[in-house]
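Examining the three-dimensional arrangement
Take a look at the letters that make up each chain.
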Amino acid sequence: MAGPGGGGGGGGNDLQWCFSQVKGAVDEDVAEADIISTVEFNYSGDLLATGDKGGRVVIFQREQEVGNEFEFSGTKKLIYFCQSKSRPHHGGGEYNVYSTFQSHEPEFDYLKSLEIEEKINKIRWLPQQNAAHFLLSTNDKTIKLWKISERDKRAEGYNLKEEDGRFRDPVRITTLRVPVLKPMDLMVEASPRRIFANAHTYHINSISVNSDYETYLSSDDLRINLWHLEITDRSFNIVDVKPANMEELTEVITAAECHPHQCNVFAYSSSKGTIRLCDMRAGALCDKHSKFFEEPEDPSSRSFFSEIISSISDVKFSHNGRYMMTRDYLSVKVWDVNMETRPVETYQVHEYLRSKLCSLYENDCIFDKFECCWNGLDSAIMTGSYNNFFRMFDRNTKRDITLEASRESSKPRAILKPRKVCTGGKRKKDEISVDSLDFNKKILHTAWHPKENIIAVAATNHLYIFQDKVN
Amino acid sequence: MEFKVEAHRIMTISLGKIYSSRIQRGGIKLHKNLLVSLVLRSARQVYLSEQEELYLQAQGQFQPTAAEQSPNWAEMEERIAYQTPNDQGSSRVEAERTEPQEQGPSWVEVERTMCPTSQDQGPEAIQEQSAVSRPPAVMCAQQLESRGSPSVCDSAKACCGRKRRSGEQGGGEPESPLKRPRTEQPMTISTTTHQEEEEMETSNVSNLINIFGSSFSGLLSKEQSEGESGQICCDQVLGNMGSWNRAIVAF
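Residues numbered from 1 in each chain as written. Chains lettered and ligands numbered in written order. Predicted model: local features only at pLDDT ≥ 70, side-chain atom pairs only at ≥ 80, totals over all residues. Heavy atoms only, no water.

Attention now goes to the overall build of chain B. When helices and strands are tallied, chain B shows eleven helices and zero strands. When the helices and strands of chain B are read in sequence order from the N terminus, they spell out α-α-α-α-α-α-α-α-α-α-α. Of all 251 residues assigned to chain B, the portion counted as buried reaches 52%. For chain B, restricting intrachain contacts to residue pairs at least 6 apart in sequence, the fraction spanning at least 24 positions comes to 75%. A total accessible area of about 12,100 Å² is found for chain B, and carbon and sulfur atoms account for 51% of it. (Helix = DSSP H or I, 4+ residues; strand = E, 2+ residues; numbered from the N terminus. Buried < 20%, exposed > 50% of the residue type's maximum accessible area, 1.4 Å probe, protein only. Contact = heavy atoms within 4.5 Å. Areas by Shrake-Rupley, 256 points an atom, 1.4 Å probe, with all protein chains shown as cover.)

Right, here's the structure in full:
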C-alpha cells in the first residue's frame, strides 16, 4: 500500500512482497568491478544510489506517475521541497537510471607502496535543500561530495558564438540580441564539489551525515573524524582507539553513525561486539563514552571463532532515535539507547551456520560484513544472508520471513515465496539444506525506502527492487 | 586429542591468511588480520596446553580422568589462565625437548638413507632427501635472522644446531638449500621495511609474515609429500611462538 507513513503493518508476514525490477548485466559472468558494494535511498526515497567495486555510482530515480498533483508554494525553494515530498506514486513508479558517474579511481600510495582500492564503501545522501542533490561517497581513503544537478534548458542566440560553438568574427556582428533559454533534453550532471582526503591512515568503514546538515563523521579502523561539509583541508579527530603500542591492539572500530536527531550524539561499534555512545559536548576527544553497550557472552557457546562472530559489522539508529540495531555474523540485535546491559531484542539470522564456522573461516565467509536496515516506521528490520536469501523481522508480531533474490522469481509482480533452510532431519519439499547453500551468493547490502514498503537488495552484481503487493 | 588436531589445522589456515593478506589488493586489512591473529592465538593456546598435557601424561604425573580427556573450552582457558609465564616457558622448552626426541628416529632415518643413497642412487636422490630436510633448515635460518627475544634465539639456536648437525652428516648437498633461503631473506626484509611506513606498524608484520610465509610454504610443499616433516615445521613454529604472541596481536 503506497502512501505516507509506510503502508501496512511493517514487514514480516503481514505483507506479501513482489518482484518489481532487477538491474544489472544479463550475462552469467560476474565482472569484479560490477559487484555492488553499497545501496542507499535518499531522504524522500525518490532516488536510489548504488556504488560498486569499480568506483562507479549509479543513481536511479523513481518515475513520476502521470497526473500527480503536488502542492505549490510561494517561493521557488519550497516548490522543490514539496515536489520531493508529496509526489504520490500509486503502486507503480519504477526506478530508472538517472545518473552514472565514476566517483573514485584506483590510486597508488607511493610512500607505502600500497594500492588504494576504488571500491565505494559507503554512500550517504544529504537532505535536499535546493534543486540539486548532494551525496557523499567514500572509498578506503577519500570522501567526496558530489552534486547531481539537472539541466533541461540551454541558452541560444549568443552574440559571439555560433550555435555549434565556433566563435563569430566580431567584425561581422551588426546587431545585438539577448540569448533566450530554450528547453533541451534532460541532462543530469554529476560534479565533485568537495574532496576530503588525507585524513585516514586506516581503511574508512563508515560515513554518517549529522542532523545539523553541516557536519559529518567518517570512521576508519582506529579513528573517527568530524568534518564540516564546507571545509576540506582539516577535520577534527573525535575518537582515537589506537594504542601507544600497537602490540596491545585488541579492538578496532567497525562502524559509526550519528544520532538522527541529536547532533551531539553518535555511536560506534567495535570488533569485540560492543557499542559506545558518545556525546561531543563532553570533550573535544570522545574517548570516554557516555554509554557502553555490551551483552555478556554465553560461555557455553564459546569456540575458536567466538571473537570473530561477535564482531559487529553494522550499526544503525532507528528513525526515531530510541533504538540502535547491530549486526554481527549470526544475529541482529536491537538495543534500547537507554539500556546498556543487554539488547532488548535478538533475532537469529542463520543460526544453522554456527556448526559450520570452521569451514566458513576457511573460505573467508566468516569475515563477510552484513548490513542491516530499519523500515520507515521502525517496526521491521531487514538483513541479508547467503544463497541470495534475505531476512525480515517484524518487531511487533515477532514473525520473520526469508526471501530470495533470484532470477527465477523475477517475473513482474510475482509474489515472492518464503524460503526455508532445512537444519537437520528430513528435508521437506521446497526446503534447502544447509550444505546446498551457495556461499558465493551473499546479500550484504540492503536498503528500505524511508516511507514506503519498497526494498532494494544487492545480490552481487544485480540490484533487485521489491515492493509490497498492493491490495 | 581432537582439539589438538583441530587447533593445528586452524593455525595452519590462519598463517596462510596472514601471509596472503600481504599481497592482496588495497593493503593489509587491519580488522581482518586482528581477528585472524586472535583465532591463531586461541588455537595456539589450546595446542600448547594439549602438548603440555601429553607431556605430563607421558611423565606419569597426570592421571587423566574421563572429563579431562576431552576438555571443554572453559576448562582449557582456566588451565591456561593459571599457568604463570615461567611455567609456560619451561613447559614450552620441555615440549621442544620432547618433540625432537619423538621425531628423532625419523631424522636419524633420513641421515641413514642419505649416506648410502649418495653412493648408490645419484644426485636426484640426494636432492630429494635434501629437499626433505630443507623446511626445518629454512625455519632455523629464518629464526636466527628474526629480531626475536633472546629466549627465542636461544631455543632457535638449540634446535638449529641439532638440525644442522644432522644435515651436515648427510654431506654437502643440504648446505646449498640452507644458503638459498638465506639470500632471499635479507632482500625481502629490506624491501618491505623500505616500503612500509612506520605509522602502519607493518614492519613487525612483514618480518612475521616472512617467517610465517616461509614456514607456511614449507608446510604447504611438505604436507603434500611428507606429512611428518610438515608436522615438524609447524611444531618448530609453535614452539617459538611464545614471545611472538604479542607481536601477532600487534596486527
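Take the packing of helix α1 (residues 2–21) of chain B against helix α2 (residues 30–58) of chain B next. The axes of two packed helices give the description: the angle between them and the distance between them. Residues and elements named next belong to chain B. Close contact between α1 and α2 brings their axes to 8 Å; oriented N to C, the two are set at 150°. For the element pair α1 / α2, the angle class is roughly antiparallel. α1 and α2 meet at a crossing whose hand is left-handed. Residues F3, K4, A7, H8, I10, M11, S14, L15, K17, I18 and S21 of α1 touch α2, and the partners they reach there are N33, V36, V39, L40, A43, R44, V46, Y47, E50, Q51 and L54. Among the residues forming the contact of α1 with α2, the class breakdown is 13 nonpolar, five polar and four charged. (Axes fitted to C-alpha atoms, helices over the stretch in contact; angles between N-to-C directions. Parallel < 35°, antiparallel > 145°, perpendicular 65-115°, else oblique. Left-handed = near helix turned anticlockwise from the far one by under 90°. Nonpolar A, V, L, I, M, F, W, Y, C, P; charged D, E, K, R; others polar.)

With 36 residues of chain A in contact, the opposing surface of chain B contributes 37 residues. Across the chain A/chain B interface, buried area totals approximately 3,500 Å², and carbon plus sulfur atoms make up 61% of it. Linking chain A to chain B there are seven salt bridges. Where R25 of chain B meets E118 of chain A, a salt bridge forms, and the shortest distance between an N and an O atom there is 2.7 Å. If you list the elements that add at least two residues to the side of chain A that touches chain B, you get β7 (114–116), α2 (306–310) and α3 (357–362) of chain A. Residue composition of the side of chain A that touches chain B, grouped by class: 14 nonpolar, eight polar and 14 charged. (Buried area = accessible area lost by both parts, 1.4 Å probe. Salt bridge = Lys/Arg side-chain N within 4 Å of Asp/Glu carboxyl O.)

Sheet strands associate in pairs through backbone hydrogen bonding, adopting either a parallel or an antiparallel arrangement. Residues and elements named next belong to chain A. As summarised here, the arrangement of the four strands in space is β20-β21-β22-β23, forming an open sheet in which the pairing is antiparallel. Each having just a single partner strand, β20 (314–317) and β23 (345–348) make up the two edges of the open sheet. Put simply, the sheet's adjacent strands are angled 15° from each other on average, direction ignored. Judged from the five bridges that link them, strand β21 (residues 323–327) and strand β22 (residues 331–336) form a sheet pairing that is antiparallel. When the bridges of β22 are listed, M325 appears paired with V334. (Pairing = 2+ DSSP bridges.)

Our next topic: the packing of aromatic side chains. One pass over the full model with this rule turns up 21 aromatic pairs over all chains. Considering the side-chain rings of F304 of chain A and F305 of chain A, the 6.3 Å spacing of their centres and the 70° angle between planes classify their relative orientation as edge-to-face. Comparing F304 of chain A with F305 of chain A, the two get one shared label, buried. By way of ring pairs, the aromatic residues F19, F390, Y464 and F466 of chain A are connected into one cluster. Over the aromatic face of Y323 of chain A sits the side chain of R395 of chain A, whose NZ or CZ is 4.5 Å from the ring centroid. Sitting over the face of the ring of Y361 of chain A, K17 of chain B holds its NZ or CZ atom 5.1 Å from the ring centroid. (Phe/Tyr/Trp six-rings, centres within 6.5 Å; stacked < 30°, edge-to-face > 60°. Lys NZ or Arg CZ within 6 Å of the ring centre and 35° of its normal.)

Our next topic: the sheet that holds strand β12 (residues 206–209) of chain A. Residues and elements named next belong to chain A. The antiparallel open sheet is built from four strands, whose spatial order is β12-β13-β14-β15. The open sheet has two edge strands with one neighbour each: β12 and β15 (231–240). Shown here is a sheet whose adjacent strand axes are inclined to one another by a mean of 25°, direction ignored. The pairing of β12 with strand β13 (residues 215–219) spans four bridges and is antiparallel. Residue pairing across strands places S206 opposite S219, the latter belonging to β13.

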